[in-house]
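Fold and geometry: a report
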Amino acid sequence: MSDPTSNRSVRRYGWAILIGVLAVAGILLAVADISAGNRWPNPLAQAIVGPTTWARPAPDQAQTFRFDRSRVGDRLIFDFPIGGLGPISPYQALRAFLSNGAGLVLLALAALVVFPTRARNAVERLEARRGAEIALGAGIVMVLLTLASVTLLRFTLLFLAVVPLVLLVALVAGLFGIACISLAIGRLLHRRLKLPNVHPLVAALAGALVVFDLAVIPYAGVFTLAAVAMAGIGLAVVTRFGSAGSWSFVDLDW
Amino acid sequence: MSEPNALACARVRVLLESYVDGDLARDDAMRADQVRNHLAGCADCRRQHHQAASVPFRLKALTSPPPSESLTADVMQAIAPSRASDRRAWTLLAPEAILASFILWYLSGLDGLGSIADGIFGDLQGLAGWGSGAGPMPSVPPVDVLLLLALIALTAIAAYHLSILVQMAPGAMPTRRRV
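Source: prediction; values computed, not measured.

**What about the overall build of chain B?**
For chain B, the helix and strand inventory stands at 10 helices and zero strands. The order of α-helices and β-strands along chain B, N terminus first, is α-α-α-α-α-α-α-α-α-α. The burial tally for chain B puts 12% of its 179 residues in the buried class. Of the contacts formed within chain B by residues at least 6 apart in sequence, a portion of 61% connects residues at least 24 apart.

Here's what the structure looks like:
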């Protein structure tokens, strides 16, 4: 028989436990991702977890390592017991979590703090029936549209300067969408795990950690992150960056 | 006592609703005058008239017909995206995939896309240099018309596809149908 007092305290600290578990899972997955290396089908793994080792600097290049004076990472690398896989580097995994993971969380929370009403509109529409499916579909189409239009603009001189603007809008849309998806995941965890009510930014923090954990799954992480980013772009486009009114061409038809 | 004649009051209260609606003045002008005169002298009936003429009371007096059995199903069917647009939303992925594959093949795969990205940033730097007078104006690279057509077709289909997906999205405003 379960003790109701201990159940209550587990419930009370549910969010803290969940965030801790997600952080540890992220670091462990990052360790595995670093070991897997960037062999196919694990492309661009280094972009997320960084290189496993750095070359020792020559005395005249010491400035390269001015941000890593302790050089602890060099001593905390272990050989993988099974052949064919790279070294185990927990320090580098922690570094990836505290740089890329923290960056993702901070950007997501910043987007939610700056645009709370828009985020709510977007999350409501993402949580509606077929919302996620439509966001992902729109994201795939948006990526195709962006690639085609950027390639087309490359063959012009007059509109070439628009390309950075297009890429900037796509980047902002992706960040806004990932922030909304993080909040939606946090709300889903709240409902499914029957966690106590908490500040929405804490739920969004848990959701952003889930996104980071998905991104560092060995081999599948890059594809998962791409899917989340595309769904984010699609969500931002479909909801017009979470505006209350949706796309309508009625005003053009008078 | 403010009630001059109990029978007259009862009669007036029966007629009050048609009096307020204006039906009584239209159908029987003399009776409407009698009611008006009665209201001028009877405070209780005047209060009843006041209440009967107020909007909340009149709204409360309205009865709504019972909804039909199929109301929920009908509404859900009316607001659900049509099967045709639903099908079109996913079948359009096929021509897009074909065009994207053709463009990738034409550009020699991901290497070609990489060279396009390099070219964009190189030309942007060249434009900035030309703007500041530090260098010549960059030249536009020659391109095959077939590639341009494929790019325009992909852009147009993707934009059309996006407009369908946007209409299918929950909370989307319906477009006005032409009559």
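**So, the overall build of chain A**
When its secondary structure is counted, chain A shows 10 helices and zero strands. Tracing chain A from N to C terminus, the helices and strands come up as α-α-α-α-α-α-α-α-α-α. Burial statistics for chain A: of 254 residues in total, 37% are counted as buried. Sequence separation of at least 24 residues holds for 73% of the intrachain contacts in chain A that already meet a minimum separation of 6.

**Considerations on the nonpolar core**
Counting 78 residues, the largest nonpolar core has Cys180(A) and Leu165(B) as its most contacted members. Discounting chain neighbours no more than four positions away, the residues touching Leu165(B) are Ile134(A), Gly137(A), Ala138(A), Val141(A), Val238(A) and Ala89(B).

**A few points about the interface of chain B and chain A**
The interface is formed by 31 residues belonging to chain B together with 30 residues belonging to chain A. For the side of chain B that touches chain A, the secondary-structure elements that each account for two or more residues are helix H8 (93-106), helix H9 (109-131) and helix H10 (145-168) of chain B. Top contributing element to the side of chain B that touches chain A by residue count: H10(B), with 12 residues. In terms of residue class, the side of chain B that touches chain A is made up of 23 nonpolar, five polar and three charged.

**Quick notes on the packing of helix H9 (residues 200-215) of chain A against helix H10 (residues 221-238) of chain A**
Residue and element names in this part refer to chain A. It is the contact of H9 with H10, at a shortest axis distance of 7 Å, that shows an interaxial angle of 140°. If you check the angle between H9 and H10, you find them oblique. From H9, Val 211, Leu 214 and Ala 215 reach across to H10, where they touch Gly 221, Thr 224, Leu 225 and Val 228. Considered class by class, the residues forming the contact of H9 with H10 number five nonpolar, two polar and no charged.

**Observations regarding H9(A)**
Residues three or four positions apart in an α-helix share a direction because the helix packs 3.6 residues into each turn. Between the first and last C-alpha of H9(A) there are 23 Å, a value that for 16 residues agrees with the 22 Å anticipated at 1.5 Å per step. Among the residues of H9(A), Ala203(A), Ala204(A), Leu205(A), Ala206(A), Gly207(A), Ala208(A), Leu209(A), Val210(A), Val211(A), Phe212(A), Asp213(A) and Ala215(A) are the ones counted as buried.

**Thoughts on the domain arrangement of chain B**
We note that the domain assignment places domain 1 (6-61) and domain 2 (82-168) within chain B. Computed from C-alpha coordinates alone, the two centres of domain 1 of chain B and domain 2 of chain B are separated by 75 Å.

**Side note on unusual backbone geometry**
Residue and element names in this part refer to chain A. If you check the backbone angles, Arg 130 has positive phi at about 65° while not being a glycine. Residue position: Arg 130 is located in the loop between helix H6 (116-127) and helix H7 (131-154). For Arg 130, a count of 14 C-beta atoms within 10 Å gives the class partly exposed.

**Describing the packing of H7(A) against H10(A)**
Helix-helix packing: each pair is described by the crossing angle between the helix axes and the interaxial distance. Residue and element names in this part refer to chain A. Orientation of H7 relative to H10, taken along the N-to-C sense of each, is 95°, at an axis distance of 6 Å. Taken together, the axes of H7 and H10 are roughly perpendicular relative to one another. On the side of H7, the interface is formed by Ala 132, Ile 134, Ala 135, Leu 136, Gly 137, Ala 138, Gly 139, Ile 140, Met 142 and Val 143, while H10 contributes Ala 227, Met 230, Ala 231, Gly 232, Ile 233, Gly 234, Leu 235, Val 237 and Val 238. A class-by-class count of the residues in the contact of H7 with H10 yields 15 nonpolar, four polar and no charged.

Criteria and cut-off values
Residues numbered from 1 in each chain as written. Chains lettered and ligands numbered in written order. Predicted model: local features only at pLDDT ≥ 70, side-chain atom pairs only at ≥ 80, totals over all residues. Helix = DSSP H or I, 4+ residues; strand = E, 2+ residues; numbered from the N terminus. Buried ≥ 20, exposed ≤ 12 C-beta atoms within 10 Å, placed from the backbone. Contact = placed C-beta atoms within 7 Å. Core = buried A, V, L, I, M, F, W, Y, C linked by C-beta atoms within 7 Å. Nonpolar A, V, L, I, M, F, W, Y, C, P; charged D, E, K, R; others polar. Axes fitted to C-alpha atoms, helices over the stretch in contact; angles between N-to-C directions. Parallel < 35°, antiparallel > 145°, perpendicular 65-115°, else oblique. Expected span 1.5 Å × (residues − 1). Domains from an automatic or database assignment.

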